[in-house]
Amino acid sequence: MTTRLALALALSLGLSAPAYTLAAPAAAAVPASNPFFAESPLPLHYPQFDRIADSDFAPAFDAGMAQELAEIEAIASNSAAPSFENTIIALENSGAILQRARTVFSALAGADTNDTRKALQTQYATRFAAHRDAIGLNGQLFARIASLYEQRNALGLDAEGVRLIERYYENFERGGAKLNDADKAKLRAINAELAELGARFNLNVLNEVNSSYVVVEDVAELAGLSEGQIAATAEAAKARGLEGKYVIALLNTTGQPLLSNLENRALRQRIHEASVNRGAKGGEFDNTALVSRIMTLRAEKAALMGQPNFAAYGLGNQTAKTPEAVNAMLGQLAPAAVANAQREAADLQAMIDAEQQAAGQPGFQLQPWDWAYYSEKVRQAKYNFDESQLKPYFEITRVLEDGVFFAAEKEFGLSFKQRTDLPVYHPDVTVYDVFNADGSQLAIFLFDPYARASKRGGAWMNAYVSQSGLTGDLPVVANHLNIPKPPAGQPTLLTWDEVTTTFHEFGHALHGMFSDVKYPSFAGTAVPRDFVEFPSQVNEMWADEPTILANYAKHHQTGDAMPQTLLDKVVAAAKFNQGFMTTEYLGAAMLDQAWHQISAGQVPAPADVIAFERRALEDAGIYYAPVPPRYRTTYFSHIMGGYSAGYYAYIWSEVLDANTQQWFKQNGGLTRANGDHFRKTLLSRGGSADAMQIFRDFAGHEPQIGPLLEKRGLIPADAAQ
């Protein structure tokens, strides 16, 4: 990882460890055969996946760290007076081998891991942290940066250059560069342990989600599933040596997709309990001790940095700025969300009572494992359609090419061409060239849609190559989803949620591909984490835009367009179940804040982690038993990584998203003129200016919360009384 990337990640988010001595290792030689030794010769420096072996990573890591430390030593000890070129630009250009190796490794460790890669993650976690501290706690280097910071407005730089100096200064300061030697030693020890524990937590999450599958003996228990879904569970069982049985694999969220279809209530309960108990039931993958220790260390680190808690430390360089601002916004939304969820629950309970009475069966109270199943029934009753009617019209390739790509063509003039000559790391990956309206190449895009045991949960975007005005590099970006793969020969038919997720992640990809900045530190999605979700959320609006929806929502067998009546129902139902969705999200976001707004002395022991979670949700006014948080603490990978004290970012960004959707509607909707304005004023600027100023440049006003409340169908708490 280059200095710029190391500092942006580690110094801002608290991932570091014991320092190397800068005068120590001499730059190790990397064999010419190692694919990370030089830039990839493939188009846009696309990774040479066909040449990369797991045995290449460790040598490239070791040599890359040694090379970068030598470069840092040369910068720090330069006898010439500090200048923008010999200090800041030199830092921007340092660590090329390490950056290439770590970028590819991080991507593969998330998308297609194996035992070797897992071992490397654990082995190098503290080494990489130590490497970052060797740079970030270098007093001589910081003195040069501080000197430039003091005179930044007199150096004749443009605004982006001044901001780059400010970014380096802030990152070093937040990383502990101003601490005395004793406190730096304490910080290194804390960072070392955090790095190791974080790696263990994430490996535990992946291992347990793969081992917590539910086995079904009798196919009759799968009533409600389609033939394709049943065939997929049979294939999953066969892959685990359980031929003749059926396996329901879990995703790394509390809710599980099949719960909306399964008629067997006991099986729904088994699946739900298998999901929510992950990481907290003892055994080798139990994460309660790791949670307790990680939160203690983070609180200690915050105190060392002069902050009352880790949230105060972590939010200092975000647009929210303070925990109080986050608490105020979440607190404003929570009562309305829970009230809506309770109204929705009343509808579900009425459906349960009516069905049980009609069947002559005793009634039962709505439980979390019932919500998805009965909400589909209520949806069907209210809007006369359910997910099973939609899925035949959402074949994955058509959604991507005739939906997501088509929207980008209409909005920005982009075009896409699949290419099969570039190597891929897994057969499921598809590669596209992306072109501007004038025919010039914009980027290369990789699409990796399917869930597999070697892939972490969730959906995400990553950049293999980031845009850079210094080097002329163009982006190579990827989207990753976790859609269950159907048996061979069967089409991949998406749920509506999977459709919107596909549009969402491509919004991140557009943010990366449209980057047009001078300095790599500002490229693409290198923005505050409570701003980074904003462009991706905006892109979701095109999923049900009538002209876009009509272009891709076609029956996978007949090619017939989705009937207009069904299209209308999709749009009409857009706010359905929003109480549930907002409450489960806010539960996770407020849980994140609760963990990171306590001192070290308030962190619970491992045995009390789950009890702390319950109290935190109750204290925040978001606890509602039928709607558990989207993630529980012991499998909440977001907050054990880059979103520590930052999971609120999704809803914070959605305020901006709702304002932006309103702007598009008020200015004529999906037009090239609007798209070009959005690209020029916001998507292309990355982190090169203050995030909120970038928003104001686009929208022409400050963000307002009203459009979000309207979008989610929420009623402000005072209006609900």
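Heads up: these notes are all about the structure in this document. Nothing here was measured: the structure is a model prediction, and the numbers come from that model.

Turning our attention to the overall build of the protein. The helix and strand inventory of the protein stands at 28 helices and seven strands. Relative to the 2.2 N^0.38 estimate, which gives 27 Å for 721 residues, the radius of gyration of the protein is 25 Å and therefore close to what a compact globule would have. Structurally, the protein occupies a C-alpha span of about 90 × 60 × 55 Å along its principal axes. Here the protein, with 721 residues, has 57% of them falling under the buried criterion. Considering only contacts within the protein whose residues lie at least 6 apart along the sequence, 76% involve residues at least 24 apart. Of the roughly 27300 Å² of accessible surface on the protein, a fraction of 50% belongs to carbon and sulfur atoms. Side chains of the protein give 60 positive and 80 negative charges; the mean places of these two sets differ by 2 Å.

With 12 residues, helix α6 (residues 139–150) ought to run about 16 Å at 1.5 Å a step, and its terminal C-alpha atoms sit 16 Å apart, in line with that. Among all positions in α6, only Leu141, Phe142, Arg144, Ile145, Ala146 and Leu148 are buried. Where the residues of α6 are buried, they touch α2 (57–76), α3 (84–92), α5 (115–136) and α7 (159–174). The N-cap residue of α6 is Asn138: its side-chain oxygen and the backbone nitrogen of Gln140 are 3.0 Å apart.

Attention now moves to the pattern of salt bridges. A side chain of one charge can pair with a side chain of the opposite charge when the charged atoms of the two come close. Inspection of every chain in the model, using the stated rule, returns 31 salt bridges. The partner of Arg452 in a salt bridge is Asp428, and the shortest N-O contact between them spans 3.4 Å. Note that Arg452 is positioned in the loop between β5 (441–450) and β6 (460–465) and Asp428 in the loop between β3 (415–419) and β4 (430–435), a separation of 24 residues in sequence. You'll find Arg452 and Asp428 in the same group, each marked buried. The salt bridge involving Lys711 is made with Asp657; its shortest N-O contact spans 2.4 Å. One end of the pair, Lys711, is in helix α27 (residues 706–711); the other, Asp657, is in helix α24 (residues 649–666), and 54 residues separate them in sequence. Among the residues examined, Lys711 registers a relative accessible area of 28% and is labelled partly exposed.

What follows deals with the packing of aromatic side chains. According to the stated counting rule, one finds 48 aromatic pairs in the structure shown. Between Trp542 and Phe664 the ring centres are 5.4 Å apart and the planes differ by 85°, which places this aromatic pair in the edge-to-face class. Remark: Phe664 occurs in helix α24 and Trp542 occurs in the loop between α18 (529–539) and α19 (546–552); sequence separation between them is 122 residues. Neither Trp542 nor Phe664 differs from the other in exposure class; each is buried. Through a chain of ring-to-ring contacts, the aromatic side chains of Phe531, Phe534, Trp542, Trp663, Phe664, Phe678, Phe695 and Phe698 assemble into a single cluster. Between the NZ or CZ atom of Arg456 and the centre of the ring of Trp460, over which it lies, the distance is 3.7 Å.

With that settled, consider the side chain of Lys455. Tracing the sequence through the fold places Lys455 in the loop between β5 and β6. Judged by relative accessible area, Lys455 falls into the buried class, the value being 3%. At 2.9 Å, the side chain of Lys455 forms a polar contact with the backbone oxygen of Asp448. Within the structure, Lys455 has its side chain in polar contact with the backbone oxygen of Leu481 (distance 2.6 Å). Discounting chain neighbours no more than four positions away, the residues touching Lys455 are Gly110, Ala111, Leu206, Asp448, Pro449, Tyr450, Trp460, His480, Leu481 and Asn482.

Relative to each other, α3 and α6 sit at 115°, their axes nearing to 10 Å. Crossing angle aside, the handedness with which α3 passes α6 is left-handed. Note on element contacts: α6 touches α3 through Leu141, Arg144, Ile145 and Leu148, opposite Phe84, Asn86, Thr87, Ile88 and Leu91. The residue inventory of the contact of α3 with α6, partitioned by class, reads six nonpolar, two polar and one charged.

Where a strand is regular, its side chains alternate between the two sheet faces. Across the six residues of β6, five count as buried, placing the element largely inside the fold. Sheet topology note: the β6/strand β7 (residues 476–483) ladder contains five bridges and is antiparallel. Counted as the bridge partner of Ala463 is Val477 from β7.

A few words on the sheet that holds β6. In spatial order, the strands read β3-β4-β5-β7-β6; together these five strands make up an open sheet with mixed pairing. This sheet does not close on itself; its edge strands, each paired only once, are β3 and β6. The sheet shows a mean angle of 25° between the axes of neighbouring strands, direction not considered. Sheet analysis places β5 next to β7, joined by six bridges and oriented parallel. Following the sheet pairing, Asp448 is matched in β7 by His480. Here helix α4 (residues 96–111) sits on the sheet and contacts β5, β6 and β7; the angle it forms with β6, its principal contact strand, is near 150°. Where helix α17 (residues 496–513) meets the sheet, its contacts fall on β3, β4, β5, β6 and β7, and the angle it forms with β7 comes to roughly 165°.

Another aspect to go through is unusual backbone geometry. Here the phi dihedral of Asn384 falls at roughly 60°; this positive angle occurs in a residue that is not glycine. Residues other than glycine seldom take positive phi values, yet Ala645 does so here, at roughly 60°. In this structure, Ala645 sits in the loop between α23 (637–640) and α24. On the accessibility criterion, Ala645 (0% relative accessible area) is buried.

Attention now goes to the packing of α18 against α24. Relative to each other, α18 and α24 sit at 40°, their axes nearing to 7 Å. Taken together, the axis directions place α18 and α24 in an arrangement best described as oblique. Here α18 and α24 pass one another in a crossing that is right-handed. Every residue of α24 that contacts α18 at Arg529, Asp530, Phe531, Val532, Glu533, Phe534, Gln537 and Val538 is listed here: Ala649, Tyr650, Trp652, Ser653, Glu654, Leu656, Asp657, Thr660, Gln661 and Phe664.

This part takes up the side chain of Asn674. With respect to the helices and strands, Asn674 occurs in helix α25 (residues 672–683). Excluding residues within four positions of it along the chain, Asn674 makes contact with Trp663, Phe664, Asn667, Gly668 and Gly669.

This next bit is on the environment of Ala334. For Ala334, the position within the fold is in helix α13 (residues 323–358). Sequence spacing of Ala334 and Thr582 is 248 residues, and the spatial spacing of their C-alpha atoms is 8.3 Å. Beyond its immediate stretch of four places on either side in the chain, Ala334 contacts Leu586, Met590, Ala620 and Ile622.

Basis of the calculations
Residues numbered from 1 in each chain as written. Predicted model: local features only at pLDDT ≥ 70, side-chain atom pairs only at ≥ 80, totals over all residues. Heavy atoms only, no water. Helix = DSSP H or I, 4+ residues; strand = E, 2+ residues; numbered from the N terminus. Rg over C-alpha atoms; globule rule 2.2 N^0.38 Å. Buried < 20%, exposed > 50% of the residue type's maximum accessible area, 1.4 Å probe, protein only. Contact = heavy atoms within 4.5 Å. Areas by Shrake-Rupley, 256 points an atom, 1.4 Å probe, with all protein chains shown as cover. Lys, Arg positive; Asp, Glu negative; His and termini not counted. Charge placed at Lys NZ, Arg CZ, Asp CG, Glu CD. Expected span 1.5 Å × (residues − 1). Polar contact = N/O pair within 3.5 Å; in protein donor to acceptor, adjacent residues only side chain to side chain. Salt bridge = Lys/Arg side-chain N within 4 Å of Asp/Glu carboxyl O. Phe/Tyr/Trp six-rings, centres within 6.5 Å; stacked < 30°, edge-to-face > 60°. Lys NZ or Arg CZ within 6 Å of the ring centre and 35° of its normal. Axes fitted to C-alpha atoms, helices over the stretch in contact; angles between N-to-C directions. Left-handed = near helix turned anticlockwise from the far one by under 90°. Nonpolar A, V, L, I, M, F, W, Y, C, P; charged D, E, K, R; others polar. Pairing = 2+ DSSP bridges. Parallel < 35°, antiparallel > 145°, perpendicular 65-115°, else oblique.

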